[in-house]
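Each chain, written out:
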Amino acid sequence: GAHTHVSVLPGEVLVRLFRYLGPDDLCRCSQVCSTWAELVKTGSLWRHLYPVRWARGDYYCGPPSELDQDPDEEWVQNLQEEGRAYQEWDEDADIDESEEAHEDALAMNAVQQEKRLLNGLIQNLLPAVGSSVRTVSLAYSVTVSSKMVRQILSLCPNLKHLDLTQTDITDSAFESWEELGACSSLEHLDLSGCENITDHTLKRLSLAIGDMTIPTCSKNIPDRRAKLLKASPSPVKLLDEHSTCSMGRTRQAFIFKRRPGGRGMGCSPVWVLDPAELADIEDAADWSRRGGVSAQDEEKGSILELQAGGGPCCCRRRKRRSYITDTASSYWQQLYGALGEVQCGHSTCCSSDTAVRTVKGAQCGSQPTGDSAEFRTTCPSEGDYRTDQTGASRALRFLSLSGCYQVTDLGLRCLSQGGGLPLLEHLNLSGCLFITEIGLQELVSVCPTLNYEHFYYCDNINGPHADMASGCQNLQCGFRACCRSGD
Ligand code: FES
């Protein structure tokens, strides 16, 4: 009849109907009238965000588990072509009628669309629905900047799934995670191919997911957060774009050589380890297989060796790593300085209070207690602690740092602190060229639910569970860091 116009439907019913729509249709609905525009900004309609796909006409908005985990190769290749076109794009160039120019123009369209969409999300949508967002996938984005990621993370404190695969973001993307418990429900973090990422990000991640060793009463995180949000109407932190990457291209060039003529897939160059450096790394691996200690060191190190799974103290070992030149060792010093409070924690090397906390990772026997959510350590000096006493859950189940070649043991140690990663199942450290079996051992000792089939690291490291763990995933990859990519 005449009275059944859609506008008479109550808001709740309209929102129910909106659930059947994709992001494109929701945007159209928001243009109907101001009431609809408000209703479209209902949090439950925007749980899973895939702006890179949406910009290319794929409006999937379901949970990530229903997505094919590995996007198809052609799709990735197209995006990489777009990235190349975007980087080479010259606004003022003369109009070129060739077919190649036409393809580039199409690519540019998609890229510009993506950029507009990201800005729109950050400015118009996330301030309203950010706290309901669970998934943000920016994998293979060619336009996302560290500043954008920073804004997104500030606006979405309840994120569970964050995919930044193959983007150019730097550590500064995670500045908003300096706060304890900033993204404490994070379960899935994919940083595969993010070559600019260093230990700083891992330190911030460890803070973001909370600290299970601090009793709840002394944390007051929700209170602190609520106060912060109240104090400023807009929680978006707009910081200047700057890079905290202390290694940079100079050091990269020092270790790698560009494969002649090789562009790999898309825009990022293929880096091949300099054979001279490779020899040194193999020396170091061999040295570590022998236990890494000389006869006179062996006596002092024996207790640590037993407890840390057969390795010598990381501090001494690091000093002795043969491939570290003067330039590189000052890099290490800088890094140690920058990461300040993270110390090796071994009682023979450090004596500060922070160090004592760190020891837990490497020296305490730890075992799952059957129920994966309940994780005990058997460290006698610390006594028992359980996740439910402290409130923090450190819910991370999936972590990929594949190709983040700058990450070191120090970064892994940051993750071992604060209660370790009690629910971690999947850990990909392929192409992390500076980690050693010491760092791996320490981290694995606080990951009681790790599934070794989903545990990947460099084939040249004689690390924990070597017989069960999967090898390096980047051997055949061609565009992600790997010490053997020249083979
Ligand atoms: Fe060593 Fe790939 S990083 S085998």
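Residues numbered from 1 in each chain as written. Predicted model: local features only at pLDDT ≥ 70, side-chain atom pairs only at ≥ 80, totals over all residues. Heavy atoms only, no water.

Let us look at the state of the cysteines. Under the criterion given, the structure shown has 0 disulfides. Note on Cys 29: no disulfide assigned, nearest cysteine sulfur contributed by Cys 27 at a separation of 9.2 Å. The buried category is assigned to Cys 29, whose relative accessible area is 12%. (Disulfide = S-S within 2.5 Å. Buried < 20%, exposed > 50% of the residue type's maximum accessible area, 1.4 Å probe, protein only.)

Strand order across the open sheet formed by 7 strands is β1-β2-β3-β4-β9-β10-β11, with parallel pairing between neighbours. Only two strands of the sheet have a single neighbouring strand rather than two, namely β1 (48-49) and β11 (455-457). Relative to strand β9 (residues 398-400), strand β4 (residues 188-190) runs parallel, the two being bridged by 3 bridges. Residue pairing in the sheet places Leu 189 in a bridge with Leu 399 of β9. (Pairing = 2+ DSSP bridges. Helix = DSSP H or I, 4+ residues; strand = E, 2+ residues; numbered from the N terminus.)

Glancing now at the nonpolar core. Residues Leu 162, Ile 169, Phe 174, Trp 177 and Leu 191 are the most contacted members of the largest nonpolar core, which totals 76 residues. The element contributing the most residues to this core is helix α6 (residues 99-129), with 6 residues. Residues contacting Ile 169, with those up to four places away along its chain left out, are Val 144, Ser 145, Ser 146, Val 149, Leu 164, Phe 174, Leu 191, Cys 194, Asn 196 and Ile 197. Judged by nonpolar contacts, the second largest core, of 6 residues, contains Val 52, Trp 75, Leu 79 and Ala 139. (Core = buried A, V, L, I, M, F, W, Y, C linked by side-chain atoms within 4.5 Å. Contact = heavy atoms within 4.5 Å.)

Mapped onto the secondary structure, Lys 203 falls in helix α8 (residues 199-208). With 210 residues separating them in the primary sequence, Lys 203 and Arg 413 have C-alpha atoms 8.6 Å apart.

Burial along strand β10 (residues 426-429) is two-sided: the face carrying His 426 and Asn 428 and the face carrying Leu 427 and Leu 429 are both buried. By the bridge criterion, 3 bridges tie β9 to β10 in an arrangement that is parallel. Residue Leu 399 lies in a different strand from β10, and its bridge partner there is Leu 427. For the segment spanning β9, helix α17 (residues 409-416) and β10, crossover handedness is right-handed. Read from β10 through helix α18 (residues 437-444) to β11, the crossover connection turns out right-handed. (Right-handed = clockwise from strand over helix to strand, strands pointing away.)

The grouping of Val 6, Leu 9, Val 13, Leu 17 and Tyr 20 at the surface amounts to a nonpolar patch, some 460 Å² of accessible area in total. Summarising the element assignment, Leu 17 is placed in helix α1 (residues 11-18). (Patch = residues over 30% accessible without salt bridge, like charges linked within 9 Å, V, L, I, M, F, W, Y side chains within 5 Å. Areas by Shrake-Rupley, 256 points an atom, 1.4 Å probe, with all protein chains shown as cover. Salt bridge = Lys/Arg side-chain N within 4 Å of Asp/Glu carboxyl O.)

Overall, the coordinates contain 9 salt bridges when judged by the stated rule. A salt bridge links Glu 425 to Arg 397, with the nearest nitrogen and oxygen atoms 3.6 Å apart. Of the two residues, Glu 425 sits in the loop between α17 and β10 while Arg 397 sits in the loop between α16 (387-390) and β9, which places them 28 residues apart along the sequence. Its relative accessible area of 36% is what places Glu 425 among the partly exposed residues. Salt bridges here are not isolated pairs; linked through shared partners, they connect Arg 56, Glu 82 and Glu 114.

Looking now at unusual backbone geometry. Phi is positive for Tyr 140, close to 65°, though the residue is something other than glycine. Mapping Tyr 140 onto the fold places it in the loop between β2 (135-137) and α7 (146-155). For Tyr 140, a relative accessible area of 11% gives the class buried.

The interhelical angle for the contact between α8 and α17, taken along N-to-C directions, is 0°, at an axis separation of 8 Å. By the angle between their directions, the pair α8 and α17 is classed as roughly parallel. Contacts between α8 and α17 involve Asp 199, Leu 202, Lys 203, Leu 205 and Ser 206 on the former and, on the latter, Leu 410, Gly 411, Leu 412, Cys 414 and Leu 415. A per-class count over the contact of α8 with α17 returns 6 nonpolar, 2 polar and 2 charged. (Axes fitted to C-alpha atoms, helices over the stretch in contact; angles between N-to-C directions. Parallel < 35°, antiparallel > 145°, perpendicular 65-115°, else oblique. Nonpolar A, V, L, I, M, F, W, Y, C, P; charged D, E, K, R; others polar.)

Before going further, it helps to examine α8. For α8, the buried fraction is high: 9 of the 10 residues fall into the buried class. Burial in α8 covers these residues: Asp 199, His 200, Thr 201, Leu 202, Lys 203, Arg 204, Leu 205, Ser 206 and Ala 208. Just beyond α8, the residue with positive phi is Gly 210, at close to 90°.

All right, on to the environment of Ala 469 then. In this structure, Ala 469 sits in the segment after β11. In this structure Ala 469 comes out as buried when scored by relative accessible area, which is 14%. When the C-alpha positions of Ala 469 and His 454 are compared, they lie 7.1 Å apart, and in sequence the two are 15 residues distant. Sequence-distant contacts of Ala 469, that is, excluding residues within four places in its chain, are made with Tyr 452, Phe 455, Tyr 457 and Pro 464.

The topology assignment puts His 426 in strand β10. Here His 426 is in contact with Arg 397, Phe 398, Leu 399, Leu 450, His 454 and Tyr 456, once residues within four sequence places are set aside.

What follows deals with the packing of α6 against α7. Packing of α6 against α7 brings their axes to within 11 Å, and their N-to-C directions diverge by 20°. With respect to α7, the axis of α6 lies roughly parallel. Two packed elements cross with a definite hand, and for α6 against α7 that hand is left-handed. Only Met 148, Gln 151, Ile 152 and Leu 155 of α7 make contact with α6, whose side of the interface consists of Leu 118, Asn 119, Ile 122, Leu 126 and Pro 127. Across the contact of α6 with α7, the residue classes break down as 7 nonpolar, 2 polar and no charged. (Left-handed = near helix turned anticlockwise from the far one by under 90°.)

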